[in-house]
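Spelled out, the chains give:
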Amino acid sequence: MSSTPNTSTQHTSTIGSIGTPSRRNTELGLLVFAVVIPIFAYTNVGLAINGQVPAGLLGYGLGLGLLAGVGHLVVRKFAPYADPLLLPLATLLNGLGLVVIWRLDKSERLQQLAERQYGVFSPSAPNQLLYSAVGLALFVAVLIFLKDHRILQRYTYISMVAALVLLLLPLVPGVGADVFGAKIWISVAGFSIQPGEFAKIIIAIFFSGYLMVKRDALALASRRFMGLYLPRGRDLGPIITIWAVSLLILIFENDLGTSLLFFGMFVIMLYVATERTSWIVIGLLMSAGGAVGVASFASHVQARVDAWLDPFGCYETSGACEQIGQSIMSFGSGGVMGTGLGQGHSDLIGFAANSDFIFSTFGEELGLAGVMAILLIYGLIIERGVRTSLAARDPFGKLFAIGLSGAFALQIFVVAGGVMGLIPLTGMTMPFLAAGGSSVIANWALIGILLRISDTARRPAPAPASNPDAEMTQVVRP
Amino acid sequence: MNKPLRRIAIFCGLLVLALLIRDNWLQYVQADALQDNERNRRISIERYAQPRGDIIVDGKPVTGSKATSGSDFKYKRTYKNGPMWAPVTGYASQAFGANQLESIEDGILTGNDDRLFFRNTLDMITGEKQQGGNVVTTLNSAAQKAAYEGLKERGKGAVAAIEPSTGKILALASYPSYDPSSFAGNSTDTDSKAWLKLQKKTNPDDPMLNRALRETYPPGSTFKVVTAAAALEHGLYTDADARTKTPLPWTMPGTTTELPNEGNIPCKDATLRVALQYSCNTVFGKVGSDLGNDKMLETAKKFGFTEEQFVPVRSTASVFSDDMNPSQTALSSIGQFNTAATPLQMAMVASAVANDGKLMKPYMVDELQGPDFDPVEKTEPETLSEPLSPENAQILQSMMETVVDKGTGTSAKIGGVTVGGKTGTAQHGVDNSEKPYAWFISYAKVSDGSAPVAVAVVVEDEDADRGDISGGGLAAPIAKSVMEAVIQSKQ
C-alpha cells in the first residue's frame, strides 16, 4: 500500500466506490500464474506416466494461454472495473481440470473399462478443451452483449418458464437420456447436455426478479406465530412450487444434487431479500421433510444413504458403495502430500472417475495439501461472489450475485462432501474440474455474469457536477 | 440487504470449513487405516509393482520375479523347485494373496518396510525405483532335498529338522506339496484353475497343507521320550538302568483294560532304557499314570506343547490334555488318546534332548536384508525353556542312543556318528481303523560332541501293508538321509 495519503489507494476491495483502481494489471499477473501452474502440472503428469515431456505441451500451453489472454482482453475492454480474481481462479481450475482429465485418459484401466463397456475408448481431454473454449466464448458473449445485468430483470417470468422447461426436458421421452440411473441428460444432435447446469443460472434470474418485486410483501405481510413470522398463504405459493419442483426432480430424475441446489439457492435468496430468519427455518423444515419423505420410498436415494453411513459395508453384497468406498480409499491413500500427479490409482473408482469423482484424483495425487488448496480456491471464488453481491448497488444485482455464489458454494459442498463421504453422494460435477461440457460452459457463463455485476458495482460513480453556488460563496470578504 | 449477505458469507465459509475438516480427517487422521484397508487394491498393486525381493537358502534365491503384461500387476512371482520349498516360502499370488514367509515378510520383500525408509527416500531423490529386500533363511538345501525326496518315495508326510544348539530350522518338508508358481499370476484360465485344483474341496490330498507346521498327528511312541524326561525330571526314576516296578500285563488304573505291548517284548519290570529300546507301552503308560496328569502336562509344556510356535510362520499348537483321569493320562503318555503333535514339535523334543536339556526357540529367518544385501534385522538364538537338567538330558541321550544302536531304530545308524532316536507307530481312526502313522525322531552327534541336527519325520503311507508300517522301517531312513545331508554339508 502506498504511503501517500491518497484515499483511492486505500480502497482495494470490491466495495470501494470512488477512485477504485481497475486492477486489470493484477488480473493479468495472476493469469500468468493461472496458466503456468497447469503447464507445470501437465509436464509433471507426462514425466510421471511416460517419463517424457508430453508431446501436446506446446499446444496445451498455447491453448490455455490463448483462452486466458482472450478472457483478459475482453474483460479489459468490456468490464474494466470487474473483480480481478475471478478470471484467474477459474482459469487455474479449468487448466488443472484439463490436466487431470488428460491424466485419467492415460489410465490403461479406464481405457480397458471403456472398451469393455462401449467397445471403444475415446479420450475426454480434447473434448474438454473444446468445451472450455466454448465456455470462454459464452463468457466473452456475456461480457460483450450483457452491457448491464439489470436488463435481465425484464425476463423474470420468461426465465421461470425457461428454467422449468430445461429442468423437465430430460423427462420428455425421446429427448431425455437415462445415464447410469440419473435422468438428467438430454441428447440433441449427438451432443448430450445436462440442462440442470444452465437452469441453475436461469432460475437465479427468475428468483432475483421475483424476490426484488415481492420482498416487501414477503418480509412485512406476515403473522407472528410462536416467535416466527409466518408468511401469508398467497406469498407462500412460489415457495411451495419450488419445493414441489425440486422434489419432482429428485423423484423423477433421480437427481439429489440438483434439487438440493435449487431449493438451497432459493432459501438463501429469500433470506437475503426479506432479511427474515423465519424463511431459513421454514426452508430447512421443508427440505428436511422432503428429504425424509423421498428417502423413505426411493430405493435409489436409500442406497446412497446406506453407502454413506457405511462405505464398506455393502461392498461385497450389493456393490452399491463400491464407488464411494474407492473414493474414500483414494483420499486416504493420498495422505498428506499425495502420490504425485499421474502416480495414484484413483482410476480404480471406475466410470465417472473423471467427472463426478475427479476430486478423488486430486485427493490421491495432490494429497491433503493439494485438496486444501483447491478448496481454498473455490472458497475464494465464492468469497469474491459474495463481495460482488455486497458491493452491488441495485437489489436485483445483489440477489443475482448472491444466488449464483450461493449455488456455487452449495454445489462445491454437495460434490466434494459427497465424494469425501461427508454427506450422501449426489451426482453433480465439480465446477471447472470435472469432465463435462454443460458444466464447464455454464460455469464460465456464471463467472461472466459475476464479472459483469462486479464491474457495474465497482465502476467509479461519475464525478459530481460542480456546484455553481460554491463559486459564489467561496470568496467572502469581510 | 447487507446484514443477511454477511451471514450468508459466513455460512458459505462454514461449508468450505466443513469440507476442509473432513478432508483433514480423511487424509491425515484416517489415512493409514484407509491405506491398509483390506479392500484397498493398491496394496496388491504395490506388492507386484516391482520385482519382489527373494527368499534365500544357502546363499541362493529359491524365488524369482518375472514381468507380466495386461494387468494391474507388473511382476509375478516365480519359484525354483516350488513344491519342495512351498512349506518354507508359502505363496505370493496376484489373485490369491500371500501366506507364510511371503506374507509375514511382505514389507521387506516389497521394500515397503519402515526400516527401509531411509533407503527408499534416497532412491526417491536419486530417481531409482524402489526395490525389495531379501529374506535369508536358516534352511539347509541338502537336508531339505533329502527330506522332500525321501517323503516323495514313501508317501504323504512331513519332516522338520532343527539345529539343536541354536533352534535354526534346517528342513521343513511336506508331501504332497504344490508349486506356488502355478497360481502366481491372476489369469482366470490358468491360475484360478490351478488354485482350484489344489483346494482341499477338490483335492483330498490337500497339497496346500503345511504338514510340518500346521498338521498335528498322534505322536505315538515317540512321545515316550517326553514321558521318560518327565519321569527323570520329577524324580520318579533317577537311573536309566534301574528296574521299574512294572507288572506285565499291566491294567490301567480305574479300569479293567490291560494296556497291550506290540509283540512279545521283555517289558516286565524293565529299566527305562530297555523300555525305550523295545518301546514298552506298559512301562511308559504306568510312568504317566504314576506321575499324574499335572506333572506330565508340566513337562510337555516345557517341550513346547499347548503353545503355537512362531518361526515366524505360525505352527499349530500341539496337544497334551488337561483334566485327564489316570488311565487317560497313561494312554496319553504313550502318545495316544488326545495327544497330538506337529512334526516341528517332535523335532523340538529331540533337539532339546540333544542340546543337553535346553530347548532353543525354533526359527527359520536368519536375516532380513535391504535391497543391496545390507542387514536390516538378524535373528539371535533364544532359549525357549529348559525341560531337562543337563544330567537328565545325558541319561535320556544314552537311552535314545541305545534305541538306534540295538533297539527299534537301527535303520537310522550312520557310520562314525552317534545317533539317538525313537520310533513311533501311532494308531488313529475309530478303533484304529485307519493306517497308522510312522514316526521317527532323532538327533545326530558328531565326533567333537556337538549335535548339528535333530529331526522328526512322520509318514502316512496308505499304500504300505499295515504290518510293514513302523517308524523304524518307513520314517527312520528319511531321518537318516536328512541327518547325513546336514553332517556332510558341515564338513
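Right above here is the structure, for reference.
Starting from 1, residues in each chain are numbered consecutively following that chain's sequence as written. Here every chain gets a letter starting at A, and every ligand a number starting at 1, in the order they are written. Totals for whole chains, interfaces and linings use all residues, but because this is a predicted model, local features are given only for residues with pLDDT of at least 70 and pairs of side-chain atoms are given and counted only at 80 or more. Note that the side-chain values use all heavy atoms of the structure and ignore hydrogens as well as water.

Participant: Tell me what's going on with the overall build of chain B, and back it up with residues and numbers.
Facilitator: Runs of H or I in DSSP of at least four residues are treated as helices and runs of E of at least two as strands, each being numbered from the N terminus. Scanning chain B for helices and strands turns up 18 helices and 20 strands. With the principal axes as the frame, chain B shows a C-alpha extent of 110 × 55 × 45 Å. Under the scheme applied here, a residue whose accessible area is under 20% of the maximum for its type counts as buried, over 50% as exposed, and between as partly exposed, the area being computed with a 1.4 Å probe on protein chains only. When the 491 residues of chain B are sorted by exposure, 56% land in the buried category. Expressed as a percentage of contacts within chain B between residues at least 6 apart in sequence, the contacts between residues at least 24 apart total 68%. What sets the accessible areas is the Shrake-Rupley method with a 1.4 Å probe; for residues, cover comes only from the shown protein chains. For chain B, the exposed surface amounts to about 20000 Å²; the carbon and sulfur share of it is 49%. Note on contacts: a residue pair qualifies if any of its non-hydrogen atoms lie within 4.5 Å across the two residues.

Participant: Account for the interface of chain B and chain A, with residues named and values stated.
Facilitator: Each partner contributes to the interface: chain B provides 31 residues, whereas chain A provides 49 residues. The term buried area refers to how much accessible surface (probe radius 1.4 Å) is lost by two components on association, counted for both of them together. Counting each side, the surface lost to burial between chain B and chain A is near 3700 Å², with a carbon and sulfur contribution of 71%. In what follows, salt bridge is the name for a side-chain nitrogen of Lys or Arg lying within 4 Å of a carboxyl oxygen of Asp or Glu. Where chain B touches chain A, the interface holds one salt bridge. For Arg 42 of chain B, the salt bridge is made with Glu 364 of chain A, and the minimal N-O distance between the two is 2.8 Å. Any N or O atom pair separated by 3.5 Å or less is treated as a polar contact, with the protein-specific requirement of one donor-capable and one acceptor-capable atom, and with residues adjacent in sequence counted only for side-chain atom pairs. For the pair chain B and chain A, the number of links is 13 residue pairs in polar contact (both at pLDDT 80 or more). Contributions of two or more residues to the side of chain B that touches chain A are made by helix H1 (2-29), helix H2 (31-35) and helix H3 (42-47) of chain B. Residue composition of the side of chain B that touches chain A, by class: 17 nonpolar, six polar and eight charged. We call Asp, Glu, Lys and Arg charged. Ala, Val, Leu, Ile, Met, Phe, Trp, Tyr, Cys and Pro are nonpolar, and the rest, Gly among them, are polar.

Participant: Outline the pattern of salt bridges, listing residues and values.
Facilitator: Residues and elements named next belong to chain B. In this structure the tally under the stated criterion is 25 salt bridges over all chains. Between Arg 154 and Glu 153 there is a salt bridge; the shortest N-O distance is 3.9 Å. In this structure, Lys 156 and Asp 205 form a salt bridge, with 4.0 Å as the shortest nitrogen-oxygen distance. Here Asp 205 lies in the loop between helix H9 (190-198) and helix H10 (211-214) and Lys 156 lies in strand S8 (residues 156-162), a separation of 49 residues in the sequence. On the basis of relative accessibility, which here comes to 35%, the residue Asp 205 falls in the partly exposed class. Among the charged side chains, a network of salt bridges with common partners joins Arg 52, Asp 54, Arg 77, Glu 102 and Asp 106.

Participant: Talk me through a nonpolar patch on the surface; I want residue IDs and the actual numbers.
Facilitator: Residue and element names in this part refer to chain A. In this analysis, a patch consists of residues with relative accessible area above 30% that form no salt bridge, clustered at 9 Å for like charges and at 5 Å for the nonpolar side chains Val, Leu, Ile, Met, Phe, Trp and Tyr. A surface patch of nonpolar side chains, amounting to about 540 Å² of accessible area, comprises Leu 168, Leu 171, Leu 248, Ile 251, Phe 252 and Phe 297. If one sorts the elements of the nonpolar patch by residue count, helix H9 (residues 233-253) sits on top with three residues. Accessibility expressed as a relative area gives 32% for Ile 251, which makes it partly exposed.

Participant: Account for the pairing of strand S7 (residues 134-137) of chain B, naming residues and giving values.
Facilitator: Residues and elements named next belong to chain B. Alternating residues of S7 divide into Asn 134 and Val 136 and Val 135 and Thr 137, and every residue in both groups is buried. Here, strands pair whenever DSSP counts at least two bridges between them. As judged from the two bridges shared by strand S1 (residues 55-57) and S7, these two strands associate in the parallel manner. Each residue of the ladder has a partner; that of Ile 56, found in S7, is Val 136.

Participant: Now, about unusual backbone geometry: what can you tell me, with residues and values included?
Facilitator: Residue Pro 249 of chain B is bonded to the preceding Leu 248 of chain B through a cis peptide linkage, with omega at -5 degrees. The step from Val 311 of chain B to Pro 312 of chain B runs through a cis peptide bond, and the omega angle for that step is 0 degrees. Within the fold, Pro 312 of chain B resides in the loop between strand S12 (309-310) and strand S13 (314-315). Positive phi outside glycine occurs at Arg 23 of chain A, with the angle close to 65 degrees. Its place among the elements puts Arg 23 of chain A in the loop between helix H1 (7-10) and helix H2 (24-50). The backbone of Glu 275 of chain A shows a phi angle near 55 degrees, a positive value even though the residue is not glycine. Within the secondary structure, Glu 275 of chain A is located in the loop between helix H10 (256-274) and helix H11 (277-297).

Participant: Give a description of the packing of aromatic side chains that names residues and reports values.
Facilitator: Classification of ring pairs rests on two measures: the distance between centres of Phe, Tyr or Trp rings, Trp counted by its six-membered ring, which must be within 6.5 Å, and the angle between planes, read as stacked under 30 degrees, edge-to-face over 60 and tilted in between. On inspection of all chains with the given rule, the structure shows 24 aromatic pairs over all chains. A ring pair is formed by Phe 183 of chain B and Trp 195 of chain B, whose centres lie 5.1 Å apart and whose planes are at 70 degrees; its orientation type is edge-to-face. Separated by 12 residues along the polypeptide, Phe 183 of chain B in the loop between strand S9 (169-175) and H9 and Trp 195 of chain B in helix H9 bring together distant segments of the chain. You'll find Phe 183 of chain B and Trp 195 of chain B in the same group, each marked buried. The rings of Tyr 157, Phe 206, Phe 207, Tyr 210 and Phe 266 of chain A are connected pair by pair, giving a single aromatic cluster. Cation over ring: Lys 77 of chain A sits above Phe 78 of chain A, and NZ or CZ is 5.2 Å from the ring centre. Should the NZ of a Lys or the CZ of an Arg lie within 6 Å of a ring centre and within 35 degrees of the ring normal, that charge is described as sitting over the ring.

Participant: Describe the sheet that holds strand S15 (residues 365-369) of chain B, listing the residues and the values that go with them.
Facilitator: Residue and element names in this part refer to chain B. The sheet built from five strands is open, its strands ordered S2-S1-S7-S15-S16 with mixed pairing. Since the sheet does not close on itself, it has two edges, and those belong to strand S2 (60-61) and strand S16 (375-378), each with one partner. Examined bridge by bridge, S1 and S2 share two bridges and lie antiparallel to one another. Among the inter-strand pairings, Val 57 is bridged to a residue of S2, identified as Lys 60.

Participant: Residues and numbers for the environment of Val 88 of chain B, please.
Facilitator: All names here are of chain B. Looking at where Val 88 falls in the secondary structure, it is placed in helix H4 (residues 82-89). C-alpha separation for the pair Val 88 and Pro 218, spaced 130 residues apart in sequence, amounts to 23 Å. Ignoring any residue separated from it by four or fewer positions in sequence, one finds Val 88 in contact with Gln 100, Leu 101, Thr 137, Leu 139, Gln 144, Leu 172 and Met 364.

Participant: Please provide a residue-by-residue account of the nonpolar core, values included.
Facilitator: Counting residues in each nonpolar core, the largest one holds 140 residues, and the members touching the most others are Phe 139, Phe 207, Leu 211, Phe 359, Phe 400, Met 430 and Leu 433 of chain A. Ranked by residue count, the leading element in this core is helix H15 (residues 395-419) of chain A, at 16 residues. In contact with Phe 139 of chain A, other than residues within four places in its own chain, are Gly 71, Val 75, Leu 87, Trp 444, Ile 447, Gly 448 and Leu 451 of chain A. Take the buried residues of types Ala, Val, Leu, Ile, Met, Phe, Trp, Tyr and Cys, join any two whose side-chain atoms come within 4.5 Å, and each joined set is a nonpolar core. In terms of nonpolar packing, the next biggest core, distinct from the first, is built from 117 residues, Ala 212, Val 311, Val 453 and Met 483 of chain B among them.

Participant: Requested: an account of the pairing of S8 of chain B, with residues and values cited.
Facilitator: Residue and element names in this part refer to chain B. Among the seven residues of S8, seven are classified as buried, and the element is accordingly described as predominantly covered. Residues Lys 156, Ala 158, Ala 160 and Ile 162 point to one face of S8 and Gly 157, Val 159 and Ala 161 to the other, with burial holding for every one of them. Note: S8 against strand S20 (residues 453-460), seven bridges, orientation antiparallel. Bridge pairing links Lys 156 to Glu 460 in S20. Here S8 pairs with S9 via six bridges, running antiparallel. Within S9, the residue paired with Ala 158 across the bridge is Ser 174. As consecutive antiparallel partners, S8 and S9 are separated by six residues, and within that stretch Gly 167 has a phi angle of approximately 95 degrees, a positive value.

Participant: Just give me the short version of the packing of helix H3 (residues 57-78) of chain A against helix H6 (residues 125-145) of chain A, but keep the residues and values in it.
Facilitator: All names here are of chain A. Axis definition: a line fit to C-alpha positions, over the contact stretch in the case of helices; interaxial angles, taken between N-to-C directions, run 0 to 180 degrees. Two elements in contact, H3 and H6, have axes separated by 10 Å at closest approach and are oriented at 5 degrees. As judged from the angle between their axes, H3 and H6 are roughly parallel. The segment H3 lies against H6, with Leu 67, Val 70, Gly 71, Val 74, Val 75 and Phe 78 engaging Ser 132, Ala 133, Leu 136, Phe 139, Val 140, Leu 143 and Ile 144. Its residues placed into classes, the contact of H3 with H6 shows 11 nonpolar, two polar and no charged. Oblique is the label for every angle not falling under 35 degrees (roughly parallel), over 145 degrees (roughly antiparallel), or within 65 to 115 degrees (roughly perpendicular).

Participant: Before we move on, can you summarise the environment of Met 337 of chain A with the specific residues and values?
Facilitator: Residues and elements named next belong to chain A. Note on placement: Met 337 falls in the loop between helix H13 (322-334) and helix H14 (358-391). By relative accessible area, Met 337 is classed as exposed at 64%. Separated by 86 residues in sequence, Met 337 and Ile 423 have C-alpha atoms that sit 24 Å apart.

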